[in-house]
Amino acid sequence: MANSKFEYVRNFEQTDSLLPNTWIVVRVDGRAFTKMCAKYGFEKPNDRRALDLMNAAAKAVVTDLPEAMIAYGVSDEYSKLVSTIVSTFTANYVYSWPTCFPGTPLSFPLPTFDGRAVCYPSLQNLRDYLSWRQVDCHINNLYNTTFWSLIQLGGLDNKEAEKILAGTLAAEKNEILFSKFHINYNNEPEIFKKGSVIFRDYELVDPGSHAVDLEMDALAEPVQQSKTQAEKDKKKRAKARVVVEHIDIIKDEFWDKRPWILS
Ligand code: ATP
Ligand code: ATP
Ligand code: MG
Ligand code: MG
Ligand code: MG
Ligand code: MG
Ligand code: MG
(Lines give C-alpha, C1' and ligand atoms only; values in the text may rest on other atoms or scores of the structure.)
(Ligands and ions follow the chains in the order given, each with its own letter.)
Protein backbone atom coordinates (compact mmCIF):
# COMPACT_ATOMS: atom_id res chain seq x y z
CA MET A 1 0.00 0.00 0.00
CA ALA A 2 2.97 2.28 -0.41
CA ASN A 3 2.24 5.83 -1.58
CA SER A 4 -1.52 5.54 -1.69
CA LYS A 5 -3.61 8.69 -1.31
CA PHE A 6 -4.52 7.41 2.14
CA GLU A 7 -1.00 7.42 3.44
CA TYR A 8 -1.08 11.01 4.63
CA VAL A 9 -2.90 9.82 7.79
CA ARG A 10 0.43 8.51 9.06
CA ASN A 11 1.40 12.12 9.73
CA PHE A 12 -1.19 12.19 12.47
CA GLU A 13 0.93 9.74 14.49
CA GLN A 14 2.73 11.71 17.18
CA THR A 15 6.05 10.80 18.69
CA ASP A 16 5.33 11.01 22.37
CA SER A 17 8.54 10.13 24.12
CA LEU A 18 8.96 10.64 27.83
CA LEU A 19 11.44 12.91 29.53
CA PRO A 20 14.98 11.50 29.21
CA ASN A 21 17.02 10.54 32.30
CA THR A 22 14.07 9.94 34.52
CA TRP A 23 12.65 6.96 36.38
CA ILE A 24 9.61 5.79 34.49
CA VAL A 25 6.72 4.29 36.36
CA VAL A 26 3.98 2.58 34.37
CA ARG A 27 0.88 2.29 36.49
CA VAL A 28 -1.65 -0.36 35.49
CA ASP A 29 -5.12 -0.16 37.01
CA GLY A 30 -8.17 -2.36 36.50
CA ARG A 31 -10.97 -0.66 34.61
CA ALA A 32 -14.33 -0.66 36.39
CA PHE A 33 -13.17 -3.34 38.82
CA THR A 34 -15.89 -2.34 41.26
CA LYS A 35 -18.31 -3.92 38.76
CA MET A 36 -15.94 -6.85 38.10
CA CYS A 37 -15.90 -7.62 41.85
CA ALA A 38 -19.68 -7.74 41.95
CA LYS A 39 -20.04 -9.75 38.77
CA TYR A 40 -17.48 -12.43 39.70
CA GLY A 41 -18.16 -12.46 43.44
CA PHE A 42 -14.77 -11.25 44.73
CA GLU A 43 -14.63 -11.81 48.49
CA LYS A 44 -14.63 -8.60 50.52
CA PRO A 45 -12.43 -6.90 51.50
CA ASN A 46 -9.57 -9.01 50.08
CA ASP A 47 -10.10 -11.75 47.55
CA ARG A 48 -6.90 -13.76 47.64
CA ARG A 49 -7.61 -15.34 44.21
CA ALA A 50 -7.89 -11.90 42.59
CA LEU A 51 -4.63 -10.75 44.20
CA ASP A 52 -2.84 -13.92 43.09
CA LEU A 53 -4.17 -13.31 39.59
CA MET A 54 -2.88 -9.71 39.54
CA ASN A 55 0.49 -10.98 40.76
CA ALA A 56 0.63 -13.72 38.14
CA ALA A 57 -0.03 -11.15 35.39
CA ALA A 58 2.50 -8.67 36.81
CA LYS A 59 5.13 -11.35 37.23
CA ALA A 60 4.61 -12.37 33.60
CA VAL A 61 5.17 -8.74 32.53
CA VAL A 62 8.44 -8.48 34.44
CA THR A 63 9.55 -11.88 33.13
CA ASP A 64 8.56 -11.13 29.52
CA LEU A 65 9.93 -7.63 29.30
CA PRO A 66 13.50 -7.17 30.47
CA GLU A 67 12.89 -3.64 29.12
CA ALA A 68 10.82 -3.04 32.21
CA MET A 69 14.15 -2.08 33.79
CA ILE A 70 16.25 -0.43 31.13
CA ALA A 71 18.01 2.82 30.59
CA TYR A 72 15.95 5.50 28.84
CA GLY A 73 18.58 5.79 26.17
CA VAL A 74 18.01 2.23 24.93
CA SER A 75 14.51 2.86 23.78
CA ASP A 76 12.71 6.08 23.03
CA GLU A 77 9.30 4.61 22.52
CA TYR A 78 7.79 4.75 25.92
CA SER A 79 4.31 5.09 24.50
CA LYS A 80 4.97 1.68 23.05
CA LEU A 81 6.36 0.56 26.40
CA VAL A 82 3.11 1.55 28.09
CA SER A 83 0.92 -0.18 25.53
CA THR A 84 3.11 -3.29 25.56
CA ILE A 85 2.99 -3.53 29.33
CA VAL A 86 -0.76 -3.05 29.53
CA SER A 87 -1.48 -5.55 26.79
CA THR A 88 0.96 -8.15 28.16
CA PHE A 89 -0.60 -7.69 31.58
CA THR A 90 -4.15 -8.10 30.27
CA ALA A 91 -3.31 -11.16 28.16
CA ASN A 92 -1.73 -12.87 31.15
CA TYR A 93 -4.58 -11.89 33.47
CA VAL A 94 -7.06 -13.59 31.17
CA TYR A 95 -4.74 -16.58 30.66
CA SER A 96 -4.33 -17.16 34.42
CA TRP A 97 -7.98 -16.57 35.29
CA PRO A 98 -8.98 -20.29 35.35
CA THR A 99 -6.03 -21.10 37.63
CA CYS A 100 -6.95 -18.47 40.22
CA PHE A 101 -10.75 -18.73 39.81
CA PRO A 102 -11.43 -22.42 39.14
CA GLY A 103 -15.17 -22.91 38.81
CA THR A 104 -15.87 -19.27 37.94
CA PRO A 105 -15.85 -19.03 34.14
CA LEU A 106 -14.85 -15.71 32.66
CA SER A 107 -17.55 -14.16 30.47
CA PHE A 108 -18.61 -10.49 30.26
CA PRO A 109 -17.54 -7.97 31.32
CA LEU A 110 -14.01 -9.07 30.39
CA PRO A 111 -11.18 -7.61 32.46
CA THR A 112 -9.42 -4.61 30.94
CA PHE A 113 -6.81 -2.21 32.31
CA ASP A 114 -5.63 1.32 31.79
CA GLY A 115 -1.98 2.31 31.86
CA ARG A 116 -0.18 5.60 32.33
CA ALA A 117 3.46 6.54 32.39
CA VAL A 118 4.86 9.04 34.87
CA CYS A 119 8.45 10.32 34.91
CA TYR A 120 10.19 10.88 38.21
CA PRO A 121 13.42 12.86 37.94
CA SER A 122 15.13 11.67 41.13
CA LEU A 123 15.61 8.41 42.94
CA GLN A 124 14.05 10.02 45.99
CA ASN A 125 10.93 10.84 43.95
CA LEU A 126 10.75 7.21 42.84
CA ARG A 127 11.20 5.87 46.37
CA ASP A 128 8.54 8.33 47.57
CA TYR A 129 6.18 7.20 44.83
CA LEU A 130 6.50 3.56 45.92
CA SER A 131 6.22 4.53 49.60
CA TRP A 132 3.06 6.48 48.76
CA ARG A 133 1.49 3.40 47.17
CA GLN A 134 2.43 1.16 50.11
CA VAL A 135 1.13 3.62 52.70
CA ASP A 136 -2.07 3.81 50.64
CA CYS A 137 -2.31 0.02 50.73
CA HIS A 138 -2.01 0.02 54.53
CA ILE A 139 -4.56 2.83 55.06
CA ASN A 140 -7.10 1.26 52.68
CA ASN A 141 -6.67 -2.22 54.08
CA LEU A 142 -7.08 -1.18 57.71
CA TYR A 143 -10.24 0.72 56.76
CA ASN A 144 -11.63 -2.10 54.58
CA THR A 145 -10.85 -4.82 57.12
CA THR A 146 -12.71 -2.89 59.84
CA PHE A 147 -15.56 -1.88 57.50
CA TRP A 148 -16.20 -5.44 56.30
CA SER A 149 -15.84 -6.91 59.81
CA LEU A 150 -18.59 -4.57 61.02
CA ILE A 151 -20.78 -5.84 58.17
CA GLN A 152 -19.87 -9.52 57.94
CA LEU A 153 -19.28 -10.22 61.65
CA GLY A 154 -21.16 -7.35 63.32
CA GLY A 155 -24.31 -7.51 61.21
CA LEU A 156 -24.32 -3.79 60.35
CA ASP A 157 -25.25 -2.41 56.93
CA ASN A 158 -22.92 -0.27 54.77
CA LYS A 159 -24.30 3.05 56.03
CA GLU A 160 -24.01 2.09 59.70
CA ALA A 161 -20.45 0.82 59.23
CA GLU A 162 -19.46 4.02 57.39
CA LYS A 163 -20.91 6.12 60.19
CA ILE A 164 -18.98 4.28 62.90
CA LEU A 165 -15.70 4.63 60.97
CA ALA A 166 -16.11 8.29 59.97
CA GLY A 167 -13.21 10.30 61.37
CA THR A 168 -11.61 7.39 63.25
CA LEU A 169 -7.83 7.17 63.60
CA ALA A 170 -5.81 4.02 62.91
CA ALA A 171 -5.59 3.21 66.65
CA GLU A 172 -9.38 3.37 66.95
CA LYS A 173 -9.86 1.00 64.01
CA ASN A 174 -7.37 -1.43 65.58
CA GLU A 175 -9.34 -1.16 68.83
CA ILE A 176 -12.72 -1.84 67.12
CA LEU A 177 -11.23 -4.91 65.42
CA PHE A 178 -9.77 -6.22 68.66
CA SER A 179 -12.52 -5.47 71.17
CA LYS A 180 -15.51 -6.31 68.96
CA PHE A 181 -14.13 -9.11 66.80
CA HIS A 182 -10.96 -10.37 68.55
CA ILE A 183 -8.99 -9.57 65.40
CA ASN A 184 -5.39 -8.48 65.91
CA TYR A 185 -4.68 -6.46 62.77
CA ASN A 186 -0.97 -7.30 63.03
CA ASN A 187 -1.84 -10.94 62.39
CA GLU A 188 -3.64 -10.23 59.09
CA PRO A 189 -1.88 -11.69 56.02
CA GLU A 190 1.14 -9.68 54.84
CA ILE A 191 -0.18 -9.68 51.26
CA PHE A 192 -3.21 -7.67 52.46
CA LYS A 193 -1.23 -5.30 54.70
CA LYS A 194 1.80 -4.66 52.51
CA GLY A 195 0.71 -5.43 48.94
CA SER A 196 3.03 -7.26 46.52
CA VAL A 197 6.50 -6.36 45.34
CA ILE A 198 7.81 -8.09 42.22
CA PHE A 199 11.47 -7.96 41.40
CA ARG A 200 14.42 -9.86 40.02
CA ASP A 201 16.11 -11.85 42.72
CA TYR A 202 19.82 -12.18 42.20
CA GLU A 203 21.50 -12.76 45.53
CA LEU A 204 20.94 -10.83 48.69
CA VAL A 205 23.82 -8.63 49.77
CA ASP A 206 23.05 -9.47 53.38
CA PRO A 207 21.02 -12.66 53.31
CA GLY A 208 18.29 -13.37 55.83
CA SER A 209 15.33 -11.52 54.49
CA HIS A 210 12.71 -12.78 52.60
CA ALA A 211 6.52 -8.30 47.18
CA VAL A 212 -0.61 -2.64 44.09
CA ASP A 213 -3.54 -3.27 45.83
CA LEU A 214 -4.76 -3.50 42.32
CA GLU A 215 -2.04 -1.31 40.98
CA MET A 216 1.16 -2.76 39.61
CA ASP A 217 4.11 -0.66 38.65
CA ALA A 218 6.96 -1.48 36.33
CA LEU A 219 10.08 0.60 36.51
CA ALA A 220 12.71 1.67 34.05
CA GLU A 221 16.08 2.86 35.19
CA PRO A 222 17.68 5.97 33.72
CA VAL A 223 21.36 5.01 33.83
CA GLN A 224 23.31 5.67 30.62
CA GLN A 225 25.36 2.66 29.53
CA SER A 226 27.33 1.43 26.57
CA LYS A 227 25.34 -0.82 24.26
CA THR A 228 27.33 -3.97 25.02
CA GLN A 229 27.01 -3.50 28.77
CA ALA A 230 23.31 -2.88 28.28
CA GLU A 231 23.02 -6.11 26.25
CA LYS A 232 24.86 -8.09 28.91
CA ASP A 233 22.67 -6.69 31.65
CA LYS A 234 19.58 -7.45 29.62
CA LYS A 235 20.65 -11.10 29.25
CA LYS A 236 21.36 -11.33 32.96
CA ARG A 237 17.99 -9.84 33.79
CA ALA A 238 16.22 -12.24 31.45
CA LYS A 239 17.80 -15.18 33.31
CA ALA A 240 17.16 -13.97 36.85
CA ARG A 241 14.33 -15.42 38.90
CA VAL A 242 11.34 -13.10 39.28
CA VAL A 243 9.88 -13.24 42.78
CA VAL A 244 6.71 -11.97 44.46
CA GLU A 245 7.08 -10.83 48.07
CA HIS A 246 5.00 -8.96 50.63
CA ILE A 247 7.49 -6.79 52.36
CA ASP A 248 8.20 -3.22 53.49
CA ILE A 249 9.66 -1.04 50.71
CA ILE A 250 9.40 2.24 52.61
CA LYS A 251 12.40 1.73 54.88
CA ASP A 252 15.94 1.65 53.45
CA GLU A 253 16.51 -1.99 54.41
CA PHE A 254 14.76 -3.48 51.38
CA TRP A 255 16.80 -1.34 48.97
CA ASP A 256 20.11 -1.64 50.85
CA LYS A 257 19.90 -5.42 50.62
CA ARG A 258 19.05 -5.37 46.91
CA PRO A 259 21.18 -2.65 45.34
CA TRP A 260 20.76 -4.12 41.83
CA ILE A 261 17.10 -3.12 41.65
CA LEU A 262 17.73 0.61 41.39
CA SER A 263 21.28 0.77 40.07
P1 ATP B 1 -11.70 2.73 37.43
O2 ATP B 1 -12.02 2.15 36.10
O3 ATP B 1 -11.88 4.21 37.51
O4 ATP B 1 -10.35 2.32 37.96
P5 ATP B 1 -12.69 0.95 39.48
O6 ATP B 1 -14.09 0.47 39.77
O7 ATP B 1 -11.72 -0.08 39.01
O8 ATP B 1 -12.82 2.14 38.45
P9 ATP B 1 -10.79 1.56 41.60
O10 ATP B 1 -10.64 2.82 42.39
O11 ATP B 1 -9.65 1.16 40.73
O12 ATP B 1 -12.15 1.69 40.78
O13 ATP B 1 -11.12 0.44 42.66
C14 ATP B 1 -11.02 -0.94 42.44
C15 ATP B 1 -12.12 -1.67 43.22
O16 ATP B 1 -11.95 -3.09 43.12
C17 ATP B 1 -12.11 -1.33 44.71
O18 ATP B 1 -13.45 -1.23 45.18
C19 ATP B 1 -11.43 -2.55 45.35
O20 ATP B 1 -11.83 -2.78 46.66
C21 ATP B 1 -11.89 -3.67 44.42
N22 ATP B 1 -10.93 -4.79 44.41
C23 ATP B 1 -9.82 -4.85 43.66
N24 ATP B 1 -9.14 -5.99 43.91
C25 ATP B 1 -9.84 -6.67 44.85
C26 ATP B 1 -9.63 -7.91 45.54
N27 ATP B 1 -8.55 -8.66 45.32
N28 ATP B 1 -10.56 -8.30 46.44
C29 ATP B 1 -11.63 -7.55 46.70
N30 ATP B 1 -11.88 -6.36 46.10
C31 ATP B 1 -10.99 -5.92 45.17
P1 ATP C 1 6.02 -3.96 16.45
O2 ATP C 1 6.02 -4.69 17.74
O3 ATP C 1 6.88 -2.76 16.41
O4 ATP C 1 4.63 -3.67 15.95
P5 ATP C 1 6.08 -6.03 14.48
O6 ATP C 1 7.09 -7.10 14.33
O7 ATP C 1 4.74 -6.42 14.97
O8 ATP C 1 6.71 -4.95 15.42
P9 ATP C 1 4.75 -4.72 12.26
O10 ATP C 1 5.26 -3.62 11.45
O11 ATP C 1 3.59 -4.43 13.15
O12 ATP C 1 5.98 -5.28 13.08
O13 ATP C 1 4.46 -5.93 11.31
C14 ATP C 1 3.68 -7.00 11.65
C15 ATP C 1 4.12 -8.22 10.83
O16 ATP C 1 3.16 -9.25 10.99
C17 ATP C 1 4.20 -7.93 9.33
O18 ATP C 1 5.26 -8.65 8.79
C19 ATP C 1 2.85 -8.45 8.82
O20 ATP C 1 2.96 -8.85 7.48
C21 ATP C 1 2.62 -9.62 9.74
N22 ATP C 1 1.19 -9.87 9.92
C23 ATP C 1 0.35 -9.12 10.67
N24 ATP C 1 -0.90 -9.63 10.65
C25 ATP C 1 -0.84 -10.74 9.86
C26 ATP C 1 -1.80 -11.72 9.43
N27 ATP C 1 -3.06 -11.68 9.81
N28 ATP C 1 -1.37 -12.72 8.63
C29 ATP C 1 -0.08 -12.79 8.26
N30 ATP C 1 0.86 -11.91 8.61
C31 ATP C 1 0.51 -10.89 9.39
MG1 MG D 1 -7.53 1.06 41.48
MG1 MG E 1 -9.70 0.44 38.78
MG1 MG F 1 5.04 -2.18 14.29
MG1 MG G 1 2.63 -3.45 13.96
MG1 MG H 1 3.17 -5.46 15.35
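Here, the structure is the one placed above.
Residues numbered from 1 in each chain as written. Chains lettered and ligands numbered in written order. Predicted model: local features only at pLDDT ≥ 70, side-chain atom pairs only at ≥ 80, totals over all residues. Heavy atoms only, no water.

Student: Could you give an account of the overall build of the protein chain, with specific residues and numbers?
Tutor: Each helix and strand counted, the protein chain has 9 helices and 5 strands in total. Taken from N to C terminus, the helices and strands of the protein chain fall in the order β-α-α-α-β-α-α-α-α-β-β-α-β-α. (Helix = DSSP H or I, 4+ residues; strand = E, 2+ residues; numbered from the N terminus.)

Student: Hey, could you go over the packing of helix α4 (residues 123–152) against helix α5 (residues 158–165) for me, with residue numbers and the actual values?
Tutor: At their nearest, the axes of α4 and α5 sit 9 Å apart, and the two run at 135 degrees to each other. Compared by their axis directions, α4 and α5 come out oblique. In this structure, α4 meets α5 at a crossing whose hand is right-handed. Two secondary-structure elements touch here, α4 through Tyr143, Thr146, Phe147, Leu150 and Ile151 and α5 through Asn158, Ala161, Glu162, Ile164 and Leu165. Broken down by class, the residue content of the contact of α4 with α5 amounts to 7 nonpolar, 2 polar and 1 charged. (Axes fitted to C-alpha atoms, helices over the stretch in contact; angles between N-to-C directions. Parallel < 35°, antiparallel > 145°, perpendicular 65-115°, else oblique. Left-handed = near helix turned anticlockwise from the far one by under 90°. Contact = heavy atoms within 4.5 Å. Nonpolar A, V, L, I, M, F, W, Y, C, P; charged D, E, K, R; others polar.)

Student: Quick rundown of the packing of α4 against helix α6 (residues 170–181)? Include the residues and the values.
Tutor: At a minimum axis separation of 10 Å, α4 and α6 run at an interaxial angle of 35 degrees. The element α4 and its partner α6 pack so that their crossing is left-handed. Contact residues: α4 offers Leu142, Tyr143, Thr145, Thr146, Ser149 and Leu150, while α6 offers Ala170, Lys173, Asn174, Ile176, Leu177, Lys180 and Phe181. In terms of residue class, the contact of α4 with α6 is built from 7 nonpolar, 4 polar and 2 charged.

Student: Account for the site of ligand 1, naming residues and giving values.
Tutor: Every one of the 16 residues lining ligand 1 counts as a neighbour, but Asp29, Ala32, Phe33, Thr34 and Asp47 are closest to it. In the model, an oxygen atom of ligand 1 is placed 3.0 Å from a nitrogen or oxygen of the Gly30 main chain. The contact in question runs from a nitrogen atom of ligand 1 to an N or O atom on the backbone of Asp47, over 2.8 Å. At the level of elements, β1 (23–30), α1 (33–40) and α2 (48–64) are the ones that each hand at least two residues to the shell around ligand 1. No other element matches the 3 residues that α1 contributes to the shell around ligand 1. Broken down by class, the residue content of the shell around ligand 1 amounts to 8 nonpolar, 3 polar and 5 charged. (Near = heavy atom within 4 Å. Polar contact = N/O pair within 3.5 Å; in protein donor to acceptor, adjacent residues only side chain to side chain.)

Student: Account for the environment of Val61, with residues named and values stated.
Tutor: Its location among the elements puts Val61 in helix α2. Separated by 75 residues in sequence, Val61 and Asp136 have C-alpha atoms that sit 23 Å apart. Not counting the four nearest positions on each side in its chain, Val61 is found in contact with Ile85, Thr88 and Phe89.

Student: So what about the pairing of strand β3 (residues 197–201)? Which residues, and what values?
Tutor: With 5 of 5 residues buried, β3 is to be regarded as a mostly interior element. Of the strand pairs in this sheet, β3 and strand β5 (residues 241–245) are connected by 5 bridges, and their pairing is antiparallel. Note on β5: the bridge partner recorded for Ile198 is Val244. (Buried < 20%, exposed > 50% of the residue type's maximum accessible area, 1.4 Å probe, protein only. Pairing = 2+ DSSP bridges.)

Student: Go over the side chain of Lys257, please, and point to the residues and values.
Tutor: Relative to the assigned elements, Lys257 resides in helix α9 (residues 252–257). A distance of 3.0 Å separates polar atoms of two side chains, one belonging to Lys257 and the other to Glu253.

Student: Residues and numbers for the packing of aromatic side chains, please.
Tutor: Counted by the stated rule, this structure contains 14 aromatic pairs. Feature note: the residues Phe33, Tyr40, Phe42, Phe89, Tyr93, Trp97, Phe101 and Phe113 constitute an aromatic cluster, connected by ring pairs. A cation over an aromatic ring shows up here: Lys39 above the ring of Tyr40, its NZ or CZ 5.7 Å from the ring centre. The lysine or arginine in question, Arg133, covers the ring of Trp132, its NZ or CZ lying 4.5 Å from the ring centre. (Phe/Tyr/Trp six-rings, centres within 6.5 Å; stacked < 30°, edge-to-face > 60°. Lys NZ or Arg CZ within 6 Å of the ring centre and 35° of its normal.)

Student: Tell me what's going on with the nonpolar core, and back it up with residues and numbers.
Tutor: Among the nonpolar cores identified, the biggest contains 29 residues, and Phe42, Phe89, Tyr93, Trp97 and Phe113 are the most heavily contacted of them. At 8 residues, helix α3 (residues 78–100) tops the list of elements feeding residues into this core. Residues within four places of Tyr93 in sequence aside, it is in contact with Phe33, Phe42, Leu53, Met54, Ala57, Pro111 and Phe113. Core analysis: the next-biggest nonpolar cluster, separate from the first, contains 16 residues, Val197, Phe199, Ile247 and Ile261 among them. (Core = buried A, V, L, I, M, F, W, Y, C linked by side-chain atoms within 4.5 Å.)

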